[in-house]
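Chain residues, written in single-letter form:
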Amino acid sequence: MMSGVSADAQNAQVLRNLRELVGRSASVAEFCRVVAINRQQFNKYLAGTHTPSRASLMKIAAKCGLAMQDFSLAPEAFVRHLDDRSASPGNHKLSGHLQTLESFARASAHALKPFLGSYFRYHHSSIFSGRVVRALTVIYDAGGVIEYVTIERLPVQDGKTREVYTFSYRGICYLMGNRVFMSDYERKQCNEMTSTTLMPQFRTPIRYMLGLLMGIAATAYGQPFAARVAFERISDDLTARKHLLRQATLLMPDDAEIPVSVRDYIGAASGALLLAAT
């Protein structure tokens with residue numbers, strides 16, 4: 001929140017700027033289509049009955065070539081900023097480097113088709129010492145670019161209370177030099193990105209992919225970490241997500257549910273995780 005500005009005043013300012021941005025599109029329907037946001041929900045934002053979440057504002061800003069904090073500008077300053085940037089959904093141009101990354105992703109799509117499906121992702125936890133995270137990753141074709149979603153469900157027993165913490169990551173896959181590169185962001189808090197490099201087995205059917213996962217630990221210190229990671233191919237059926245999601249959890253390193261080859265690769269807890277010092 002801006003210093004000296006109440007939450008209500010800031011929300012009203014964001015709303016005015018959001019209406020200005022939408023007004024530069026052909027229609028609300030076209031804006032929602034390009035930004036890929038639910039029109040019914042977006043109409044509630046425009047009506048002022050609901051306040052856009054941080055994640056929604058980040059999504060809109062990214063599509064329009066803006067920074068999220070731009071929505072907090074005074075209306076006159078926001079209009080000048082739009083005029084300078086000519087910002088509207090799909091109208092801004094990516095820099096040369098970003099265009100190259102996009103072309104890499106599109107060029108990789110055909111070669112990555114054999115890897116589409118549902119996987120269990122195993123690695124030692126950066127926040128629960130001595131435990132292995134089994135997450136669900138679904139790799140799918142998003143219209144010419146291979147995207148994925150990874151969901152972690154971490155059950156924690158605190159006295160008599162059992163909490164389940166859920167993290168959801170969305171990302172893009174690339175294939176370069178016979179290696180699969182995966183880059184994503186955590187979509188709920190929008191405060192973390194992870195990067196994975198895999199050495200795939202180019203055999204049919206694909207059973208395992210092994211590599212290295214790097215990210216930020218979800219602790220008060222937010223230390224960077226790196227760990228060996230193994231992907232186990234579970235299904236070609238992308239609709240099996242709900243059933244498989246129930247199996248995303250924390251496991252002991254010697255749990256029989258972890259395939260032997262995965263246990264051998266990710267190693268024992270001692271020395272299996274590289275965590276930056278605080």
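Shown above is the structure to which this text applies.
What this report covers is the structure whose coordinates are included nearby. Since the structure is predicted, the reported quantities are computational estimates derived from the model, not experimental observations.

Some words on the overall build of the protein
Reasoning step 1: The number of helices and strands found in the protein is 8 helices and 10 strands.
Reasoning step 2: Scored against the burial criterion, the 278 residues of the protein give a buried share of 40%.
Reasoning step 3: Once local pairs closer than 6 in sequence are excluded, the contacts in the protein between residues at least 24 apart make up 54%.
Reasoning step 4: Surface accessibility of the protein: about 15100 Å² in total, with carbon and sulfur atoms responsible for 53%.

Here we look at the pattern of salt bridges
Oppositely charged side chains can pair when the atoms bearing their charge come close.
Reasoning step 1: A full pass over the atoms with the stated rule returns 7 salt bridges.
Reasoning step 2: Here Lys113 ties to Asp141 by a salt bridge, and the two come within 3.2 Å at their closest N and O atoms. With a gap of 28 residues between them, Lys113 in the loop between helix 6 (96–108) and strand 1 (117–124) and Asp141 in strand 2 (residues 132–141) connect regions that are remote in the sequence.

So, helix 4 (residues 54–63)
Reasoning step 1: Within helix 4, the full set of buried residues consists of Ser56, Leu57, Ile60 and Ala61. An end-on view of helix 4 places all buried positions within 130 degrees of arc, on one side of the element.
Reasoning step 2: Just past helix 4, the residue Gly65 takes up positive phi, approximately 70 degrees.

Overview of a nonpolar patch on the surface
Reasoning step 1: Residues Leu101, Phe104 and Met176 make up a contiguous nonpolar surface patch of roughly 240 Å² in combined accessible area.
Reasoning step 2: When you line up the elements, Phe104 lands in helix 6.
Reasoning step 3: You can call Phe104 partly exposed: its relative accessible area is 33%.

Brief notes about the environment of Arg187
Reasoning step 1: Structurally, Arg187 is set in the loop between strand 5 (179–186) and strand 6 (193–200).
Reasoning step 2: Looking at Arg187, the relative accessible area reads 37%, which means it is partly exposed.
Reasoning step 3: For the pair Arg187 and Ser168, spaced 19 residues apart in sequence, the C-alpha to C-alpha distance is 5.9 Å.

What to know about the packing of helix 2 (residues 28–35) against helix 4
Reasoning step 1: Relative orientation of the contacting elements helix 2 and helix 4 amounts to 95 degrees, with a least axis distance of 10 Å. Here helix 2 is positioned roughly perpendicular relative to helix 4, judged by the angle of their axes. Mapping the contact onto sequence places Phe31, Val34 and Val35 in helix 2 and Lys59, Ile60 and Lys63 in helix 4.
Reasoning step 2: For the contact of helix 2 with helix 4, the residue count by class is 4 nonpolar, no polar and 2 charged.

Let's talk about the packing of aromatic side chains
In this description, a pair of aromatic rings is defined by centroid distance and the angle of the planes.
Reasoning step 1: Evaluation of the coordinates by the stated rule reveals 5 aromatic pairs.
Reasoning step 2: Ring plane angle 80 degrees and centroid distance 6.1 Å describe the contact between Phe42 and Tyr45, whose orientation is recorded as edge-to-face. Of this pair, Phe42 and Tyr45 both sit in helix 3 (residues 39–47), 3 residues apart, which is roughly one turn of the helix. Comparing Phe42 with Tyr45 shows no difference in burial state: the two are buried.
Reasoning step 3: When the centroid spacing of 6.2 Å and the interplanar angle of 75 degrees are considered together, the rings of Tyr119 and Phe231 count as edge-to-face.

Quick notes on the pairing of strand 8 (residues 224–235)
Reasoning step 1: In terms of burial, strand 8 is largely enclosed, as 9 of its 12 residues are buried.
Reasoning step 2: Sheet topology note: the strand 1/strand 8 ladder contains 5 bridges and is antiparallel. Looking across to strand 8, one finds that Phe120 is bridged to Glu232.
Reasoning step 3: For strand 7 (residues 208–216) and strand 8, the ladder comprises 9 bridges, and the chain directions are antiparallel. Its bridge partner being in strand 8, Met209 is matched across the sheet by Phe231.
Reasoning step 4: Where strand 8 and strand 10 (residues 273–275) come together, 3 bridges link them in antiparallel fashion. Residue pairing across strands places Phe225 opposite Leu275, the latter belonging to strand 10.

A look at the side chain of Glu192
Reasoning step 1: Turning to its location among the elements, Glu192 is positioned in the loop between strand 5 and strand 6.
Reasoning step 2: With no salt bridge to any partner, buried Glu192 finds its closest opposite charge in Arg121, at an N-O distance of 7.8 Å.

Brief notes about the packing of helix 2 against helix 3
Reasoning step 1: Two elements in contact, helix 2 and helix 3, have axes separated by 10 Å at closest approach and are oriented at 120 degrees. One finds that helix 2 runs oblique with respect to helix 3. Where helix 2 crosses over helix 3, the handedness of that crossing is right-handed. The segment helix 2 lies against helix 3, with Val28, Ala29, Phe31 and Cys32 engaging Arg39, Phe42, Asn43 and Leu46.

Quick look at helix 3
Reasoning step 1: For helix 3, the full list of buried residues reads Phe42, Tyr45 and Leu46. The buried residues of helix 3 occupy an angular sector of 95 degrees when the element is viewed end-on, so they sit on one face. For helix 3, the exposed residues set more than 90 degrees away from the buried face come down to Gln40 and Ala47.
Reasoning step 2: The elements touched by buried residues of helix 3 are helix 1 (7–22), helix 2 and helix 4.
Reasoning step 3: The opening residue of helix 3, the one whose side-chain oxygen lies 3.0 Å from the backbone nitrogen of Gln40, is Asn38.
Reasoning step 4: Immediately beyond the C-terminal end of helix 3, within one or two residues, lies Gly48, with a positive phi of roughly 85 degrees.

How each quantity is defined
Residues numbered from 1 in each chain as written. Predicted model: local features only at pLDDT ≥ 70, side-chain atom pairs only at ≥ 80, totals over all residues. Heavy atoms only, no water. Helix = DSSP H or I, 4+ residues; strand = E, 2+ residues; numbered from the N terminus. Buried < 20%, exposed > 50% of the residue type's maximum accessible area, 1.4 Å probe, protein only. Contact = heavy atoms within 4.5 Å. Areas by Shrake-Rupley, 256 points an atom, 1.4 Å probe, with all protein chains shown as cover. Salt bridge = Lys/Arg side-chain N within 4 Å of Asp/Glu carboxyl O. Arc of directions from axis to C-beta. Patch = residues over 30% accessible without salt bridge, like charges linked within 9 Å, V, L, I, M, F, W, Y side chains within 5 Å. Axes fitted to C-alpha atoms, helices over the stretch in contact; angles between N-to-C directions. Parallel < 35°, antiparallel > 145°, perpendicular 65-115°, else oblique. Nonpolar A, V, L, I, M, F, W, Y, C, P; charged D, E, K, R; others polar. Phe/Tyr/Trp six-rings, centres within 6.5 Å; stacked < 30°, edge-to-face > 60°. Pairing = 2+ DSSP bridges. Lys, Arg positive; Asp, Glu negative; His and termini not counted. Left-handed = near helix turned anticlockwise from the far one by under 90°. Polar contact = N/O pair within 3.5 Å; in protein donor to acceptor, adjacent residues only side chain to side chain.

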